[in-house]
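Survey of secondary and tertiary structure
So the chains spell out like this:
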Amino acid sequence: SNSNNGSEDVDAEMVVLPVSLTLVTGISSLRVALPDDLRPPEKRQVLLCALQDMAARYPAGLPQLDPVEDMGITQDKDLVQAVVTINELEQQLVKNPVFQAERDKERFALYAKKAALDERAAELRAQLKGTLLASFREESKQRMQVLRKLRHVGADGTVLLKGRAACEIDTTDELLATGGRCQLFDYRQQP
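Residues numbered from 1 in each chain as written. Predicted model: local features only at pLDDT ≥ 70, side-chain atom pairs only at ≥ 80, totals over all residues. Heavy atoms only, no water.

What about the overall build of the chain?
A tally of regular secondary structure across the chain gives six helices and zero strands. Helices and strands appear in the chain in the N-to-C order α-α-α-α-α-α. Long-range pairs, those at least 24 residues apart, make up 39% of the contacts in the chain with a sequence separation of at least 6. By element, 57% of the accessible surface of the chain is carried by carbon and sulfur atoms, the whole surface being about 16100 Å². (Helix = DSSP H or I, 4+ residues; strand = E, 2+ residues; numbered from the N terminus. Contact = heavy atoms within 4.5 Å. Areas by Shrake-Rupley, 256 points an atom, 1.4 Å probe, with all protein chains shown as cover.)

Right, dumping it as structure tokens:
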């Protein structure tokens, strides 16, 4: 394990645990000779010392097993291409500032703070949207009152002939122009 980067834990205790294969993220090209029986604590302690020594020799991390170079698998062209693609993607990942910041606690804390602020900003946008919706409802109610006073909309909210005519007229003062035309029409219709 390279989690302690070579620093020896005096109080460390080796325990044998079963591990699901899906939890294995990499295999090192280095090998450690395992004792036949890991039940005695002395043998586990010897293994712990060997692992700590390896971690001290490779502070940047243990070298990973390469199936093409270390195992000599060259016949499977798809595997070779997959290994090349994985290596390229890992190199791009190492250059990523977020990936680098993860190893730098101060920078990672800044990214975490930025993520929290982005989340808070999204919450505030949602609240603002709700506030804007409420103000739109109030404004809509006031507009309906004006349209009722000008008799473009009936009491039940239906658009009247005068309101329909106002919709068809394209001027800056269409409400007033429609009102004047409808009054003129009403005046001419009277006997």
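Picking up where we left off.
Some words on the environment of leucine 160
Relative to the assigned elements, leucine 160 resides in the loop between α4 (105-149) and α5 (161-168). For leucine 160, a relative accessible area of 35% corresponds to the partly exposed category. Sequence separation between leucine 160 and arginine 148 is twelve residues, and the spatial gap between their C-alpha atoms is 9.8 Å. With sequence-adjacent residues up to four places away left out, leucine 160 is seen in contact with Arg151, His152, Val153 and Gly154. (Buried < 20%, exposed > 50% of the residue type's maximum accessible area, 1.4 Å probe, protein only.)

So, helix α1 (residues 41-57)
Compared with an ideal rise of 1.5 Å per residue, which puts 17 residues at 24 Å, α1 spans 24 Å between its outermost C-alpha atoms and is within 8% of the ideal. Along α1, the residues classified as buried are Arg44, Leu47, Leu48, Gln52, Met54 and Ala55. Along the axis of α1, the buried residues cluster in a sector spanning 155 degrees; they form a single face. Opposite its buried face, α1 presents the exposed residues Glu42, Val46 and Arg57, each directed more than 90 degrees away. (Expected span 1.5 Å × (residues − 1). Arc of directions from axis to C-beta.)

Details of a nonpolar patch on the surface
Among the surface-exposed residues, Val15, Leu17, Val19, Leu21, Leu23, Val24, Ile27, Leu65 and Met71 lie close enough to one another that they form a single nonpolar patch of about 940 Å² accessible area. If you trace the backbone, valine 15 turns up in the segment before α1. Given the relative accessible area of 52%, valine 15 is considered exposed. (Patch = residues over 30% accessible without salt bridge, like charges linked within 9 Å, V, L, I, M, F, W, Y side chains within 5 Å. Salt bridge = Lys/Arg side-chain N within 4 Å of Asp/Glu carboxyl O.)

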